[in-house]
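# Notes for the structure review
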Amino acid sequence: MEGFAAAANAAGVLNLGLVVCQELLSYYGSWKGAAEDVKRMYASIEALAKTLLCLKRTYQKEQLDTDVVERVRDDAASASTQSLNEIKTEVSKISLDVKTINTKLSPVLAQVDRIGSVQEDQYRTAIYDWFSPLSRDFAMKQHETFYIPAKQDRLGHWMLKTAEYQEWLLGSGKALWCIGDRGVGKTVLASFIINNLQLGPNPSTVLSYLYCNYNEAGTQSAINLMKSILRQLASRTDVLNNDLERFYKEKSSPSFAECCQLLHKAADHMSNIHVVIDALDECTEATRDILLTELEKLRPKVCLIITSRHTFGDHYEPESALCLKIHAQEEDIKQYLSERVETSRPLRDHIKTRPELRDQVLDVVITKANGMFLLARLHMDSLMTMTTTRRLKSALNTLPEALDETYDQVLERIKSQHPDHATLALKTLGWIHHASRPLKTIELQHALAVEEDDSNFDADGILDLGLILTVCAGLVTVREGNAVGFVHYTTEEYLERHRGEHFPDAPIAIAKACLTYLSFDEFSSPLQFQDRRHWTCLDFCHA
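A brief look at the structure comes next. Predicted model only: the values in this text are computed from it and were never measured.

### Things to note about the pattern of salt bridges
Oppositely charged side chains are able to pair whenever their charged atoms sit close together. One pass over the full model with this rule turns up 14 salt bridges. Salt-bridge contacts for glutamate 245 lead to lysine 249; the nearest nitrogen and oxygen are separated by 3.5 Å. Of this pair, glutamate 245 and lysine 249 both sit in helix α10 (residues 241-250), 4 residues apart, roughly one helical turn. A salt bridge links arginine 309 to aspartate 281, with the nearest nitrogen and oxygen atoms 2.9 Å apart. Pair noted here: arginine 309 is in the loop between β4 (302-308) and β5 (321-325) and aspartate 281 is in the loop between β3 (272-278) and α12 (285-296), with a separation of 28 residues, a long-range link. Of the residues examined, arginine 309 reaches a relative accessible area of 27% and is grouped as partly exposed. Each member of the salt-bridge network shares a partner with another, and the members are Asp243, Arg246 and Lys265.

In structure tokens, the structure reads:
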């Protein structure tokens, strides 16, 4: 019995040893070509495995091969000098060595995984950007609008509590039309809705949003807007990623019909798709009709929220739609104005000596703004330029009530500056108004620095961005991504109606500046022209 038990224990040890060796060989197999100590470890384990295999055969065969007998005899003679405890100690050491190596390798492997993940993300981003460049613009617009200083928080919170919004949110299948006059904060409202939906608790609901702009009607076609919706859906779910990757590899942009098929495919795999469209009235009629027709086919899966100055009879049906009138309440504007007063040093200085002026400023601006945040903002921009309390009180008595009259007043204020500042402001407005795309700050600065008869670019002519914005009296702002633009789309509309009055020679001046820039001596040599420093600056010549 004792002999049998000893033999059985020995066989169990051998089996266990073989299993351990096999696992270790598998682990170290991929590292054989690494450092010398790893190579030696692998060779030792491999030899030990062969020895154990020979010992195992000793118990399984009555007659052994000569080479097996020799190996068992040699190993037995060597092993006879070791106790079982010594063998356990060696195994423990090997185990500790393996743990040490594993500990050291873990961070490396984790880093490799992270690199692989980053590469996958970059590849996916490249596909998304190729498929829909517009989506980046919309994301920037969302960030820019939601995080602007002194934004109208109360307007968004008020709207989110309405019965109409709550009904839409519960999945009524109806489109929610948010209708309001210009300047009441519809875009700010859209950004609040988008942010609220992004934080929504329902993971099966996917969000996509569009910011329409009549200045970009050429790029915001029906197919490009549809591709932006698909790209946003793909980034939030895996349903469409294989399709987008296929188009990317084939370098074949899908047709509008194929885009519609992809949208139907996405809808089949999602319980709800929320689509927010801001400023629908700024789309061309053809784009609006094509896009809405396709989106309406997927109701109630696709739930629409639309902000606009008015509804459109072909797509608005009172019995199947919700309508919410957007307006700025007096308390909303008052909060906004209070924040502006607190952040304006000139106004604080005036109020410090005449505390009653604070309430007077708020009351007059609220009355003149007539429920328009934009008008309130322009009035505050005007009042903040008053150098004396006397001028401030006089300006309060002459604030206009109509938007166009306010713009007239702003332009008059611009022209009444020092002649150099007035010229700079009108040149800036002309460049922004005539550009075919939003200019970067550096592009605008280079454009304004070019003078007639220049043969090389003179960096000393670059104007301070703060000065450029100041002389434009609040009509120009810097957006996300260092792009310059007008403070509101109505500014563009006003300047379009009065372009002949305010900058009649702007197209000729812009053409001369571009030709002068392109004729610089620096660009006469092909090798110098390869200098990437000039490429960004040349982009504005396509304006």
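This is not the end of the story, as more comes after the structure.
### Structural notes on the side chain of asparagine 241
Inspection of the secondary structure assignment puts asparagine 241 in helix α10. A polar atom in the side chain of asparagine 241 sits 3.3 Å from the side chain of aspartate 238. Not counting residues within four places of it along the chain, the set of residues in contact with asparagine 241 comprises Arg124, Tyr128 and Ala234.

### A short note on the packing of aromatic side chains
In the structure shown here, the tally under the stated rule is 12 aromatic pairs. Aromatic side chains tyrosine 123 and tyrosine 248 sit 6.0 Å apart centroid to centroid with 75 degrees between the ring planes, which places their arrangement in the edge-to-face category. Of the two residues, tyrosine 123 is situated in helix α4 (residues 84-131) and tyrosine 248 in helix α10; the sequence distance between them amounts to 125 residues. Each member of the aromatic cluster is reached from another via a ring pair, and the members are Tyr123, Trp130, Phe131 and Tyr248. The ring of phenylalanine 131 has lysine 227 lying over it, and the distance from NZ or CZ to the ring centre is 5.5 Å.

Here is what the cut-offs are and how they apply
- Residues numbered from 1 in each chain as written.
- Predicted model: local features only at pLDDT ≥ 70, side-chain atom pairs only at ≥ 80, totals over all residues.
- Heavy atoms only, no water.
- Salt bridge = Lys/Arg side-chain N within 4 Å of Asp/Glu carboxyl O.
- Helix = DSSP H or I, 4+ residues; strand = E, 2+ residues; numbered from the N terminus.
- Buried < 20%, exposed > 50% of the residue type's maximum accessible area, 1.4 Å probe, protein only.
- Polar contact = N/O pair within 3.5 Å; in protein donor to acceptor, adjacent residues only side chain to side chain.
- Contact = heavy atoms within 4.5 Å.
- Phe/Tyr/Trp six-rings, centres within 6.5 Å; stacked < 30°, edge-to-face > 60°.
- Lys NZ or Arg CZ within 6 Å of the ring centre and 35° of its normal.

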